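Structure assessment
One-letter residues, chain by chain:
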Amino acid sequence: MTFETLLVDIQERVALITLNRPQALNALNAQLISELNQALGQLEADPRIGCIVLTGSAKAFAAGADIKEMAELSYPQVYLDDLFAEADRIATRRKPLIAAVAGYALGGGCELALLCDMIFAADNARFGQPEVNLGVLPGIGGTQRLTRAVGKAKAMDMCLTGRQMDAAEAERAGLVARVFPAESLLEETLKAARVIAEKSLPATMMIKESVNRAFETTLAEGIRFERRVFHAVFATADQKEGMAAFSEKRKPEFTNR
Ligand code: HXC
């Protein structure tokens, strides 16, 4: 897989996508979003891949949507092109996707991290929604996903003032799943990705779908959805293998069937 704005590296069952626009601190331009969707589409279709990690550079996961590309756009242009609608497709992917965030994750960069299933952060990570400083507002789901992640108080604070959260505050607020020293972020994230990729892929995909349901429906409907999916997993060979392996005191060998 060759792209201009991304690097893709596959190691056994884990794919690592590295945003690669260092001259613009990985600002998200239309080409990057399009290439990211192409890469995710190909990895989703590849049966070998069990987990995907998305990362940036040591200085910036992504410093936002590309301000220079957006600055002169008119309302009819952004409306007709449905600017950033393509980014929503990232959230519809079905395989587990972890964001490994070092440095700046601002504006669209923070929103991109929020489109992933969980965020692992370096201790130098900085999260923010500074769109208000540009006279605009978050446009890739920040007012919605950030609010669901950290609650109204912190989301209002970040979106209205544009201030940045450091990694420790982001972990306390529930934005981030784990924090690591910057030098070990990638190694630790890839380690977690390998753990996930060794599981039964139908099970991890069902878990992802079920957890995401919690954000889209009532508790009763969410529990009903989980119960139906839980019943369905008994149709997989991996359920038989996982439970047999437990009884036989051995490691399960999942076949994703
Ligand atoms: C385009 C960007 C950029 C961005 C940085 N660059 N962020 N280009 N879009 N979002 C470019 C700079 O112009 C500069 O290019 C180069 O990257 C290095 O950045 P510097 O500013 O020189 O680095 P530094 O002084 O270390 O400051 C880092 C920074 C700052 C604090 C992250 O770059 C910054 O504030 N960036 C903008 C953050 C932001 O407002 N993001 C929200 C964007 S709006 P040159 O050519 O000068 O070297 C958004 C909307 C989403 O995301 C929703 C859409 C609807």
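These figures come from a predicted structure and were not determined experimentally. (Residues numbered from 1 in each chain as written. Predicted model: local features only at pLDDT ≥ 70, side-chain atom pairs only at ≥ 80, totals over all residues. Heavy atoms only, no water.)

It is common to give the size of an interface as the accessible area lost on bringing the parts into contact. Taken as a whole, the protein is organised into domain 1 (4-195) and domain 2 (199-246). Taking only C-alpha atoms into account, the centre of domain 1 sits 26 Å from that of domain 2. Taken together, the contacts link eleven residues of domain 1 with seven residues of domain 2. Summing both partners gives a buried area of about 830 Å² for domain 1 against domain 2, and 52% of it is carried by carbon and sulfur. The largest contributions to the domain 1 side of the interface with domain 2 come from Arg-94, Arg-148 and Val-195, which together make up 49% of the buried area. The interface formed by domain 1 and domain 2 holds one salt bridge in total. (Domains from an automatic or database assignment. Contact = heavy atoms within 4.5 Å. Buried area = accessible area lost by both parts, 1.4 Å probe. Salt bridge = Lys/Arg side-chain N within 4 Å of Asp/Glu carboxyl O.)

What follows is about the packing of aromatic side chains. In total, this model carries three aromatic pairs according to the counting rule given. In this structure, Arg-213 packs its charged tip against the face of Phe-225, placed 4.1 Å from the ring centre. (Phe/Tyr/Trp six-rings, centres within 6.5 Å; stacked < 30°, edge-to-face > 60°. Lys NZ or Arg CZ within 6 Å of the ring centre and 35° of its normal.)

What follows concerns the confidence of the model for the protein. This prediction gives the protein a mean pLDDT of 97; 100% of its residues lie at or above 70. In the model output, the complex is listed with pTM 0.97 alongside ipTM 0.97. (pLDDT = per-residue confidence, 0-100.)

Attention shifts here to the nonpolar core. Core analysis: the biggest nonpolar cluster contains 47 residues, and Ile-17, Leu-54, Phe-61, Val-101, Leu-112, Phe-127 and Leu-175 have the highest contact counts within it. Broken down by element, this core gets its largest block of residues, six residues, from helix α1 (residues 30-45). Setting aside its immediate chain neighbours within four residues, Ile-17 contacts Leu-6, Leu-7, Val-8, Leu-36, Ala-39, Leu-40, Leu-43, Ile-52, Val-53, Leu-54 and Thr-55. Membership of the second largest hydrophobic core comes to 16 residues, among which are Cys-51, Phe-180, Leu-190 and Ile-196. (Core = buried A, V, L, I, M, F, W, Y, C linked by side-chain atoms within 4.5 Å. Buried < 20%, exposed > 50% of the residue type's maximum accessible area, 1.4 Å probe, protein only. Helix = DSSP H or I, 4+ residues; strand = E, 2+ residues; numbered from the N terminus.)

Each α-helix turn comprises 3.6 residues. Residues three or four places apart therefore point the same way. In this model, helix α11 (residues 219-232) (14 residues) spans 20 Å end to end at C-alpha, consistent with the 20 Å of a helix rising 1.5 Å per residue. Among the residues of α11, those classed as buried are Gly-222, Phe-225 and Val-229. Each buried residue of α11 sits inside an arc of 60 degrees when the element is viewed along its axis, so together they form one side. Structural note: α11 exposes Leu-219, Ala-220 and Arg-228 on the side pointing more than 90 degrees away from its buried face. In this structure, the buried side of α11 is in contact with α10 (201-213). (Expected span 1.5 Å × (residues − 1). Arc of directions from axis to C-beta.)

What follows concerns the site of the ligand. Surrounding the ligand, one finds 22 residues, the nearest of these being Lys-59, Ala-63, Ala-65, Lys-68 and Gly-108. Between Ala-63 and the ligand, the recorded distance is 2.9 Å, taken from a backbone N or O atom to a nitrogen atom. In the model, a nitrogen atom of the ligand is placed 2.9 Å from a nitrogen or oxygen of the Ile-67 main chain. In isolation the ligand has 1,000 Å² of accessible area, and contact with the protein removes 64% of it. For the shell around the ligand, the secondary-structure elements that each account for two or more residues are α2 (67-70), β6 (104-106) and α5 (108-115). Split into classes, the residues belonging to the shell around the ligand amount to twelve nonpolar, five polar and five charged. (Near = heavy atom within 4 Å. Polar contact = N/O pair within 3.5 Å; in protein donor to acceptor, adjacent residues only side chain to side chain. Areas by Shrake-Rupley, 256 points an atom, 1.4 Å probe, with all protein chains shown as cover. Nonpolar A, V, L, I, M, F, W, Y, C, P; charged D, E, K, R; others polar.)

This next bit is on the pattern of salt bridges. Applying the stated rule across the entire model yields twelve salt bridges. The partner of Arg-224 in a salt bridge is Glu-221, and the shortest N-O contact between them spans 3.4 Å. Taken together, the positions of Arg-224 and Glu-221, both in helix α11 and three residues apart, correspond to about one turn of that helix. For Arg-224, a relative accessible area of 48% corresponds to the partly exposed category. Given a relative accessible area of 37%, Glu-221 falls into the partly exposed group. Where salt bridges share partners, they join Lys-154, Asp-157, Arg-163 and Glu-169 into one cluster.

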